[in-house]
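Chain by chain, the residues run as shown.
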Amino acid sequence: MAYQFKKFASIRSCIFFISFLINFNLSAQNKFTLSGSVKDKKSGESLIGASIRLEETKINAVTNGYGFYSITIPQGNYTVSINYAGYRTDSKKINLDNNIQLVIELEPISTLLDEVVVSTKRKNENIAKPLMGVEKLNMKDLNNLPVLLGEKDVLKSIQLLPGIKSAGDGNSGFYVRGGGADQNLILLDEAPVYNASHLLGFFSTFNSDAIKDVTLYKGGMPAQYGGRLSSVVDIKMKDGNNKDYDVSGGLGLISSRINIEGPIVKDNGSFIISARRSYADMFLKLSHDSIMRNNTLYFYDLNAKANYKLGKKDRLFLSGYFGRDVLGFGNSFGTDWGNLTGTLRWNHIVNNKIFSNTSLIYSDYSYKIQIKSGTDNFKITSQIQDINLKQDFDFYINNNNKIKFGANIIHHTVAPGTITADASSNIQSSEVQKRYSYESAVYVSHELTVNNNLNIVYGLRMSNLSAVGPGNFYQYDQSGNAIDTIHYNKGQTVASYWNLEPRFSASYQLNEISSIKFSYNRNIQNLHLLTNSTTSTPTDLWLPSTNNIKPEIADQVSLGYYKNFKEGQFEFSVETYYKWIQNQIDYRNGADLQANDNVESELLYGSGRAYGIEFYLKKKFGKFNGWVGYTLSRTEKRFAEINNGNYFPAKQDQTHNISLVGIYKLNERWTLSGTWVYNTGNAVTFPSGKYHVNGQTVFLYTERNGYRMPAYHRLDLAATWESPRNKNRKYQSSWTYGLYNAYGRENAYIIQFKDDPNDPTKTVAEQTSLFRFVPSITWNFKF
Amino acid sequence: MKKYFNITFLIIITFTACKKIINVDLNNAPSQVVIEGIVTNSSTAQVNITKSVTFSSSNTFPAVTGATVTITDNLNNKFILTEKTPGNYSNSSLTGVPGRTYSLSVTAGGINYTATSTMPQQVNLDTLLLDQIPFGNKYITIVQPQYTDPKGFGNYYSFIETINNTVNPKIFVWDDRFNDGGISTRPLIQSDSTIKTGDTVKVEMRCIDKNIYTYFTSLADLQQNATTPANPTSNISGGCLGYFSAHTSQRKKVLIP
């Protein structure tokens, strides 16, 4: 208790420190506040990250996640110019003699050929911002990039950015700066998505039609985010057109999509419904084989959102996602799995300087497996469920000081496995104990402009995880045998972990077009994914920290240099990072993770480190745009029980990683694009000998991940044709033709070692590769 | 369950996957001693001692000859196993008794290796049932050994399936976590099963101890191409590969109609 009090005391002193730093300008000059929001003129969608600049000054503001901005400046006449990529720049003259509210609507630029008017000041905004390790995905580019089977996918496209690695050929899973695939916090309208993939990893759960904005933080996470070690992928759904009804959709090889949006009350409320279903199973139905016909395999997902303005100061948002994968073999085996999320948000403008958002968030991931064999008929279910209450404030004190603060509390319920059997079954109904916990956090973050050259953001997040009863909790000895069982009653605290997560980043502008940035941050992860499979399987199990499992901790420092040249046409950056990771999890040999009450006895705990350097050169405007990314990195782990306690490379340790992306606007109709990726093969464990046991050849392993898969490289191409625009008709359509792995590289997916089928006295290595020359065609429409 | 997902995975990749034999430059680990020792309640105790070889060698594993091999039970009955053929040590007067703990001692090349294993009480294999299930794109015949698990967790089973005198290399090993004290008819499922009408299928059921269960689960993981393969944890100390198991053994056979 005393310890907790001390932590609170330190938070309090920190707030004092912040208020001390804030320069409340008490000079005689009258100051007024200009606030409001920025929107798309055609659809009324609020624009995130739009820039508002007062031309007479150096003052610049950026809209927040809901399109809100606020600037406080001395009385006077100003020219306000508003910029947002892909929109025509607007400028307005104002006479600021009282507090003004200004809603700005920007007109989208219909084609890339339009002269893109972007002020030089705006072009160099990336230089001054103290944020580093942040990437924004342009949803327009996404439509033009080639992807496997033409199924555009935000999670696959972010893999083309430096520092981000793919979890495998055609896979939507990814690793950020050496962190595991489970260390990415993937948020859809603030709700965490636990299993972000369909069809065992080949497609992500995000239907890009419904997505407005994707921001990825790979380092220097702002204090409002927490819960995962390596990255935050903040995905925001579209609000829906509040001016006019829109229907759009598409037909592809894998799935078809439909998207409907429109006003509930014109300018005051709108809705969007976006649905997608795959039809791989339709091909199975065409099979001549009656058994194949009885197999099922498909996924679907549904995004829906509605918002309504309750007045000038209040707006409500209700958004949800529901997706499911279904797979079955005749009537002997059936399974389905998926996520369900729901977010209710209330935006409230407290006054022209304080913006508040309150969210109630529900998130659920579950799977069900039905097995029928002889008289046995039973099902296995598993679920993780979160209820999260969150309050955030943005406080725009003055032009040099901005504060974000807030708090949240999540209640996690994890049901690792419940078996429900028919009375006729020999299998018995049983349940692995449910686990309950509360995860809470308070944070404060201060963005401070020290002078024209130096900007800093620093903050502190204090997080807690409390594992609570009811349930039996075990203590294990060194070799994983249970030595003690303690029963806890409902609500009783089993273990409680307090952690302070300092976050700091600073940018120092060397001149108009170049800067250096530094950041340090500590992240804590209290939910741990247990999986011993290569692909993302539906049976992935998440467990919260308990008396045995400690919170995972990552400390990261990074340093970067940024330069823009050719009038801001080119952006260059180099970032280097070093990460220390504690309390990582691995498994004992022969670990059984499924429906095992003693699963914690199967775990090993160790540490890790990751470091690297990332180069990025991007051409932002013009007929031809794209980027080159190169990462040189190392990721290692250490466990006392593995590799004699020495560091060994993590699976995702790829020394070199290159990506090239090019998009070329040939003319009004045609856009061509290509991507090329290259990376060092993943670290793997291969045999270093063999022996005979149990009547068979068994391979002998010496060091963990001591070998490398062959290098991976691939070229993808796409061409998009857009129908000629007709001012009188709303109808538009486009065709996208793609070719995945255009030169047919046989990339090794797995390498298996086995007895030579042709000569039993020998053993051989057999390589399996997946996708070569995969063509695709997609038709999109809008009316 | 995992195998269902593996099969699904195969369906997904069938259209495009391609396989080829490649050359991989592998390290040559120094040769290690491999001990496989078995005491059963129905046959002669056997200990095989061999050595591991490099990956590129042929599949002939050199025998370790001239070792001193003894097995002692918890009643202090000591049995010396003699070398009948190179590397193969046995003693026909040692037949195991359920409930007893056996200790193995092997001295080879100046190194002493020791292990213990307790033979569980025998659980009767009542019968072998047959069924056909759809799997991927075909129906496969499955054999279901039926037995009644004794009340109380901690029973471990292993099954060896022999189809027309050819041992099925697939490892079937499980515990009583899901049906403690109940009748089990859990099938022996192999996706590329070749069982057809007219075949004779023999099944050996073994009641094994926990260490051996863990050993064979790890070995089964290796068969299924585990993500990060590792040598199964041996219950033999002294630094060698292999295992020492005291288990019950019971066989039944069935003719596929």
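Computed from a prediction, not measured in an experiment: that's the story for all the values here.

**Some details on the pattern of salt bridges**
All names here are of chain A. Enumeration over the complete set of coordinates arrives at 44 salt bridges over all chains. Lysine 390 is the partner of glutamate 190 in a salt bridge, and the nearest nitrogen-oxygen pair spans 2.8 Å. In this pair, glutamate 190 sits in the loop between β11 (184-188) and β12 (191-192) while lysine 390 sits in strand β24 (residues 376-398), placing the two residues 200 residues apart along the sequence. A salt bridge links arginine 714 to aspartate 716; its shortest N-O distance comes to 2.7 Å. Members of the salt-bridge network, linked through shared partners, are Glu45, Asp189, Glu190, Lys212, Asp239, Lys305, Arg345, Lys390 and Asp392.

**Brief notes about unusual backbone geometry**
The amide bond that connects glycine 469 of chain A to the next residue, proline 470 of chain A, takes the cis arrangement and shows omega of 10°. Counting through the fold element by element, proline 470 of chain A comes out in the loop between β28 (454-468) and β29 (471-476). Within the chain, phenylalanine 773 of chain A stands out as a residue other than glycine whose phi angle is a positive 45°. Structurally, phenylalanine 773 of chain A can be placed in the loop between β49 (759-769) and β50 (774-782). Phi at asparagine 165 of chain B takes a positive value of approximately 70°, unusual for a residue other than glycine. Looking at the element boundaries, asparagine 165 of chain B is found in the loop between β11 (156-163) and β12 (166-167). With relative accessibility at 62%, the residue asparagine 165 of chain B sits in the exposed group.

**So, the domain arrangement of chain A**
Each assigned domain of chain A is listed with its residue range as follows: domain 1 (2-122) and domain 2 (231-782). Using C-alpha coordinates to define each centre, domain 1 of chain A is positioned 32 Å away from domain 2 of chain A.

**Here we look at the interface of chain A and chain B**
The interface is formed by 78 residues belonging to chain A together with 74 residues belonging to chain B. With both sides pooled, the region where chain A packs onto chain B buries about 6800 Å², and carbon together with sulfur makes up 61% of that total. A salt bridge links lysine 20 of chain B to glutamate 746 of chain A; the nearest nitrogen and oxygen atoms lie 2.8 Å apart. For the pair chain A and chain B, the number of links is 18 residue pairs in polar contact (both at pLDDT 80 or more). Broken down by element, the residue count for the side of chain A that touches chain B peaks at ten residues, all from β49 of chain A. Where β49 of chain A and strand β1 (residues 18-22) of chain B come together, five bridges link them in antiparallel fashion. Directly across from threonine 768 of chain A, in β1 of chain B, lies its bridge partner lysine 19 of chain B.

**Here we look at the domain arrangement of chain B**
Residues and elements named next belong to chain B. Taken domain by domain, chain B consists of domain 1 (33-118) and domain 2 (125-230 + 248-255). Contacts between domain 1 and domain 2 engage seven residues on the former and four residues on the latter. Roughly 430 Å² is buried in total at the junction of domain 1 and domain 2, and carbon and sulfur atoms are behind 43% of that figure. If you look at where domain 1 meets domain 2, you find zero salt bridges. Secondary structure elements with two or more residues in the side of domain 1 that touches domain 2: β2 (33-40) and β8 (111-118). Residues belonging to the side of domain 1 that touches domain 2 are distributed by class as follows: two nonpolar, five polar and no charged.

**Topic: the environment of tyrosine 194 of chain A**
All names here are of chain A. When you line up the elements, tyrosine 194 lands in the loop between β12 and β13 (197-198). By relative accessible area, which is 6% here, tyrosine 194 ends up buried. When sequence neighbours within four positions are dropped, the list of residues in contact with tyrosine 194 reads Arg228, Asn339, Ser363, Tyr365, Ile384, Asp386, His412, Leu527 and Trp542.

**Points about the sheet that holds strand β3 (residues 60-62) of chain A**
Residue and element names in this part refer to chain A. Here we have four strands laid out as an open sheet, ordered β3-β2-β5-β6, and antiparallel in their pairing. The sheet terminates laterally at β3 and β6 (90-96), the two strands that pair on one side only. Each adjacent strand pair in this sheet contributes to an overall mean axis angle of 25°, direction not counted. Here strand β2 (residues 51-54) pairs with strand β5 (residues 76-83) via four bridges, running antiparallel.

**Digging into the nonpolar core**
Among soluble globular proteins, nonpolar side chains are generally buried collectively. Counting residues in hydrophobic clusters, the biggest one holds 73 residues, and the most contacted among them are Val154, Leu155, Phe206, Val233, Ile235 and Leu530 of chain A. Here this core takes four residues from strand β23 (residues 354-373) of chain A, the largest share from any one element. Those residues in contact with leucine 155 of chain A, other than ones at most four positions away along the chain, are Ser172, Phe174, Ile186, Ala196, Ser204, Phe206 and Val233 of chain A. Ranked by size, the runner-up nonpolar core spans 33 residues in total, among them Phe686 and Met709 of chain A together with Tyr213 and Tyr243 of chain B.

**So, the environment of isoleucine 100 of chain A**
Residues and elements named next belong to chain A. Topologically, isoleucine 100 is positioned in strand β7 (residues 100-106). Each C-alpha atom, one on isoleucine 100 and one on serine 776, is 52 Å from the other, the two residues being 676 residues apart in sequence. The contact partners of isoleucine 100, leaving out residues within four places of it in the chain, are Thr33, Leu34, Ser35 and Asn95.

**Description of the packing of aromatic side chains**
Residues and elements named next belong to chain A. For the coordinates displayed, the defined rule picks out 40 aromatic pairs over all chains. With centroids separated by 6.2 Å and ring planes inclined at 25°, the aromatic side chains of phenylalanine 615 and tyrosine 630 adopt a geometry described as stacked. Here phenylalanine 615, found in strand β37 (residues 603-619), pairs with tyrosine 630, found in strand β38 (residues 624-639); they are 15 residues apart in sequence, far enough to count as distant. With a relative accessible area of 30%, phenylalanine 615 lands in the partly exposed category. Look at tyrosine 630 and you get partly exposed, because its relative accessible area is 23%. Of note, arginine 277 hangs over the ring of tyrosine 298, and the distance from its end group to the ring centre comes to 4.0 Å. Arginine 345 extends its terminal NZ or CZ atom over the ring of phenylalanine 317, reaching a point 5.5 Å from the ring centre.

Conventions we followed
- Residues numbered from 1 in each chain as written.
- Chains lettered and ligands numbered in written order.
- Predicted model: local features only at pLDDT ≥ 70, side-chain atom pairs only at ≥ 80, totals over all residues.
- Heavy atoms only, no water.
- Salt bridge = Lys/Arg side-chain N within 4 Å of Asp/Glu carboxyl O.
- Helix = DSSP H or I, 4+ residues; strand = E, 2+ residues; numbered from the N terminus.
- Buried < 20%, exposed > 50% of the residue type's maximum accessible area, 1.4 Å probe, protein only.
- Domains from an automatic or database assignment.
- Contact = heavy atoms within 4.5 Å.
- Buried area = accessible area lost by both parts, 1.4 Å probe.
- Polar contact = N/O pair within 3.5 Å; in protein donor to acceptor, adjacent residues only side chain to side chain.
- Pairing = 2+ DSSP bridges.
- Nonpolar A, V, L, I, M, F, W, Y, C, P; charged D, E, K, R; others polar.
- Axes fitted to C-alpha atoms, helices over the stretch in contact; angles between N-to-C directions.
- Core = buried A, V, L, I, M, F, W, Y, C linked by side-chain atoms within 4.5 Å.
- Phe/Tyr/Trp six-rings, centres within 6.5 Å; stacked < 30°, edge-to-face > 60°.
- Lys NZ or Arg CZ within 6 Å of the ring centre and 35° of its normal.

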